[in-house]
Amino acid sequence: MGKHLVIGAGSIGTNVARLLAERGQSVRIVTRTGTGPEHRLIDRVAADASDPSRLTELSRGAEVIYHCANPASYTMWERQLPPLQTAAIAAAKANDAVLALTGSLYAYGPQPGGRMNEHTPMAATGHKGRLRARMWEQALASGIRTVEVRGSDYIGKGANGIYHLLLEPALKRGNAAWIPGHLDMPHTFTFNGDMAQALVTMASEERAWGRPWHVPSPPAVTIRELARRYAAAAVRPPIKLIQMPRFVMRTAGLIVPIAREMAEMDYQWYAPFHMDATETADTFGLTATDLDSAVRREVG
């Protein structure tokens, strides 16, 4: 059986590990606490993945290393992401493994019309976007076999996204949901199961290495429409949505670090935000999970 090492047991790491195990592949998943999905082919290990020596040791025999770890808060990115990236690259180089990176659209920054495809230049102006760009450039410059798979904001079971953070609490309590974004701007959402499928596919495809790819995702929808679909899937009355004025988060950011970090990315939510994955779909035959199916899986 092929051997795979997954860093991180969040929404993406868990889906990648399960997908591989269901295909009969042995998987080692590394987290600080040793958590992860339970399966006879999944070996869960507690370790500091930002320690290059330890991660290299744990990666012995691995054909692919999937970097799916992400700090719990934006405020931790600058401190925690670079050591994780450096350790993952070192482990891949030492073990001649492919490094599959879970990417985002942050490196592009604001784009005309909010449209991005696999060849959109990385032009981020915020520090988180510039960090993502530097990390990808670091992987490319290392000489390892690597690929970065980029998705938009996640939906799906276990996703730490708009449903979990904003819509679910309101649906359960019957309250209004305050939304830090325009309610009627189209926005691409990526099913976390499709991200896992794309990562596993790209890692095994030599023609994918050395460049970024986008995850095929459902057509963009507004937050208002997405909330309506979540309510229908939960068999609950539609909730009232209140659009938070844009200045609120920016003003709060003057004294609250997490608000400042969120305000830096608010261009994604107050203008159209479209991710095009046509080239990925045409090249590898991947398709997006239907939006309502993804919503039902998250609510169920």
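Quick note: structure is the one above.
Below, the discussion takes up the sheet that holds strand S5 (residues 98-103). Judged by pairing direction, the sheet is parallel, and its seven strands sit side by side in the order S3-S2-S1-S4-S5-S7-S11 without closing on themselves. Every interior strand has two partners, whereas the edge strands, strand S3 (42-46) and strand S11 (212-214), have only one. Sheet twist, expressed as the average angle between the axes of neighbouring strands with direction ignored, equals 20°. Bridge analysis of strand S1 (residues 3-7) against strand S4 (residues 64-67) gives four bridges, and the strand direction is parallel. Bridging from a neighbouring strand, Leu-5 pairs with Ile-65 of S4. Of the strands in this sheet, S1, strand S2 (26-31), S3, S4 and S5 touch helix H1 (residues 11-22), which is tilted by about 165° from S2. Running over the sheet, helix H3 (residues 77-95) touches S1, S4 and S5 and is turned about 175° from S4.

Turning our eyes to something else, we now look at unusual backbone geometry. Among all residues except glycine, the phi angle is most often negative; among peptide bonds, the trans geometry is most common. The phi angle at Asp-96 is positive, at roughly 50°, despite the residue not being glycine. On the secondary structure map, Asp-96 appears in the loop between H3 and S5. We classify Asp-96 as exposed; its relative accessible area is 57%.

A separate point is the environment of Pro-218. On the secondary structure map, Pro-218 appears in the loop between S11 and helix H7 (223-233). Looking at Pro-218, the relative accessible area reads 8%, which means it is buried. Between the alpha carbons of Pro-218 and Leu-291 there is a distance of 5.8 Å; along the sequence they are 73 residues apart.

Let's shift gears to the packing of helix H5 (residues 162-173) against H7. Look at H5 against H7: their axes get within 11 Å of each other, and the N-to-C directions meet at 60°. Taken together, the axes of H5 and H7 are oblique relative to one another. The hand of the H5/H7 crossing is right-handed. Residues Ile-162, Tyr-163, Leu-167 and Leu-171 of H5 form the contact with H7, whose participating residues are Ile-223, Leu-226, Ala-227, Tyr-230 and Ala-231.

Glancing now at the side chain of Gln-111. With respect to the helices and strands, Gln-111 occurs in the loop between S5 and strand S6 (115-116). A distance of 2.8 Å separates the side chain of Gln-111 from the backbone oxygen of Tyr-108, its partner in a polar contact. The contacts of Gln-111, once residues within four sequence positions are left out, are Met-116, Thr-120, Pro-121 and Ala-123.

This part covers the nonpolar core. Counting 30 residues, the largest nonpolar core has Val-16, Tyr-66, Leu-199 and Met-202 as the members making the most contacts within it. Listed by contribution, the elements that provide at least two residues to this core are H1, S2, S4, S5, strand S7 (146-150) and helix H6 (192-203). Looking at which element gives the most residues to this core, the answer is H6, with seven residues. With 24 residues, the next largest nonpolar core counts Ile-162, Ile-179, Ile-223 and Ala-231 among its residues.

With that settled, the discussion passes to the side chain of His-214. If you trace the backbone, His-214 turns up in strand S11. With relative accessibility at 0%, the residue His-214 sits in the buried group. Reaching out from His-214, the side chain makes a polar contact with the side chain of Tyr-108 at a distance of 2.7 Å. When neighbours within four sequence positions are excluded, His-214 is seen to be in contact with Leu-105, Tyr-108, Met-116, Asn-117, Glu-118, Arg-150, Met-275, Asp-276, Ala-277 and Thr-280.

For the pair H1 and H6, interaxial distance at closest approach is 8 Å and the crossing angle is 60°. Taken together, the axes of H1 and H6 are oblique relative to one another. Considering how the two elements wind past one another, H1 and H6 form a crossing that is right-handed. Along its contact with H1, which presents Ser-11, Ile-12, Asn-15, Val-16, Leu-19 and Leu-20, the element H6 presents Asn-192, Gly-193, Met-195, Ala-196, Gln-197, Leu-199 and Val-200. Classifying every residue of the contact of H1 with H6 by side-chain character gives eight nonpolar, five polar and no charged.

Okay, H6 next. When the terminal C-alpha atoms of H6 are compared, their 17 Å separation across twelve residues agrees well with the 16 Å that a helix rising 1.5 Å per residue should span. Of all twelve residues making up H6, eleven are buried, and the element is well covered by its neighbours.

Thresholds, definitions, all that
- Residues numbered from 1 in each chain as written.
- Predicted model: local features only at pLDDT ≥ 70, side-chain atom pairs only at ≥ 80, totals over all residues.
- Heavy atoms only, no water.
- Pairing = 2+ DSSP bridges.
- Helix = DSSP H or I, 4+ residues; strand = E, 2+ residues; numbered from the N terminus.
- Axes fitted to C-alpha atoms, helices over the stretch in contact; angles between N-to-C directions.
- Contact = heavy atoms within 4.5 Å.
- Buried < 20%, exposed > 50% of the residue type's maximum accessible area, 1.4 Å probe, protein only.
- Parallel < 35°, antiparallel > 145°, perpendicular 65-115°, else oblique.
- Left-handed = near helix turned anticlockwise from the far one by under 90°.
- Polar contact = N/O pair within 3.5 Å; in protein donor to acceptor, adjacent residues only side chain to side chain.
- Core = buried A, V, L, I, M, F, W, Y, C linked by side-chain atoms within 4.5 Å.
- Nonpolar A, V, L, I, M, F, W, Y, C, P; charged D, E, K, R; others polar.
- Expected span 1.5 Å × (residues − 1).

Function-wise, these values are silent; they only describe arrangement.
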